[in-house]
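What the coordinates show
Residues per chain are reported as follows:
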Amino acid sequence: VQLQASGGGLVQTGGSLRLSCAASGRTVSRYVSGWFRQAPGKEREFVAHVNWSGGNTFYADSVKGRFTISRDNAKNTVYLQMNSLKPEDSAVYYCAADPGVDLPDYFTASLYDYWGQGTLVTVSS
């Protein structure tokens, strides 16, 4: 399974971006998805997670109320809508996927089998 992340860019504080993560390659019938980010000099951190059906979503406290994760399984694509962006949101954002319908420890990066290449988000002050 290959994951292709896109949608990053430069935006001013308070602006919005929508990231996309398209899956292709070997068919995985069902998979959960997550977004992580890594800023320079910092460890990769959990941002958001969605289960296979899209019915369960989870967020890091730092983005709760501002970011929304969603998925369109017909298009094999997961989205991250980011609103009210802050300079501290600047990072490379990675999408990840893992076979299955749920992932209890969704915030643990090492549990995801597949990763995209990352897309850079820069929020200017």
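The paragraphs below set out a description of the structure included in this document. (Residues numbered from 1 in each chain as written. Predicted model: local features only at pLDDT ≥ 70, side-chain atom pairs only at ≥ 80, totals over all residues. Heavy atoms only, no water.)

For the rest of this paragraph, the subject is the state of the cysteines. Scanning the entire structure with this criterion turns up one disulfide. Disulfide pairing places Cys21 opposite Cys95 at an S-S distance of 2.2 Å. One quick way to see it: the torsion about the S-S bond of Cys21 and Cys95 is about 65°, and its sign makes the bridge right-handed. Residue Cys21 is located in strand β3 (residues 17-24), and its partner Cys95 is located in strand β9 (residues 91-99); the two are separated by 74 residues in the primary sequence. Per residue, the accessibility class of Cys21 equals that of Cys95, and both read buried. (Disulfide = S-S within 2.5 Å. Helix = DSSP H or I, 4+ residues; strand = E, 2+ residues; numbered from the N terminus. Buried < 20%, exposed > 50% of the residue type's maximum accessible area, 1.4 Å probe, protein only.)

Strand order in the open sheet formed by four strands is β1-β3-β8-β7, with antiparallel pairing between adjacent strands. Looking at strand neighbours, the two that pair on one side only are β1 (2-6) and β7 (67-72), the edges of this open sheet. Between one strand and the next, the sheet's axes are offset by a mean angle of 15°, whatever the strand orientation. (Pairing = 2+ DSSP bridges. Axes fitted to C-alpha atoms, helices over the stretch in contact; angles between N-to-C directions.)

Of note, the phi angle at Asn76 is positive, near 55°, even though the residue is not glycine. With respect to the secondary-structure elements, Asn76 resides in the loop between β7 and β8 (77-82). The phi torsion at Ser84 lies on the positive side, around 50°, for a residue other than glycine. Turning to its location among the elements, Ser84 is positioned in the loop between β8 and β9.

Let us now look at empty space enclosed by the protein. Enumeration according to the criterion identifies one cavity of 30 Å³ or more in this entry. The space that makes up the largest cavity amounts to roughly 30 Å³. Every residue lining the largest cavity is listed: Leu3, Cys21, Ala23, Tyr31, Ser33, Asn76, Val78, Ala96 and Ala97. When residues of the lining of the largest cavity are traced back to their parent elements, those giving at least two are β3, β4 (31-38) and β9. Here the residues of the lining of the largest cavity sort into seven nonpolar, two polar and no charged. (1 Å grid on protein atoms, 1.4 Å probe; cavity = no way out; pocket = protein on both sides within 12 Å on 5 of 7 lines; lining within 4 Å. Points joined across faces, edges and corners; volume = space filled by probe spheres on them. Nonpolar A, V, L, I, M, F, W, Y, C, P; charged D, E, K, R; others polar.)

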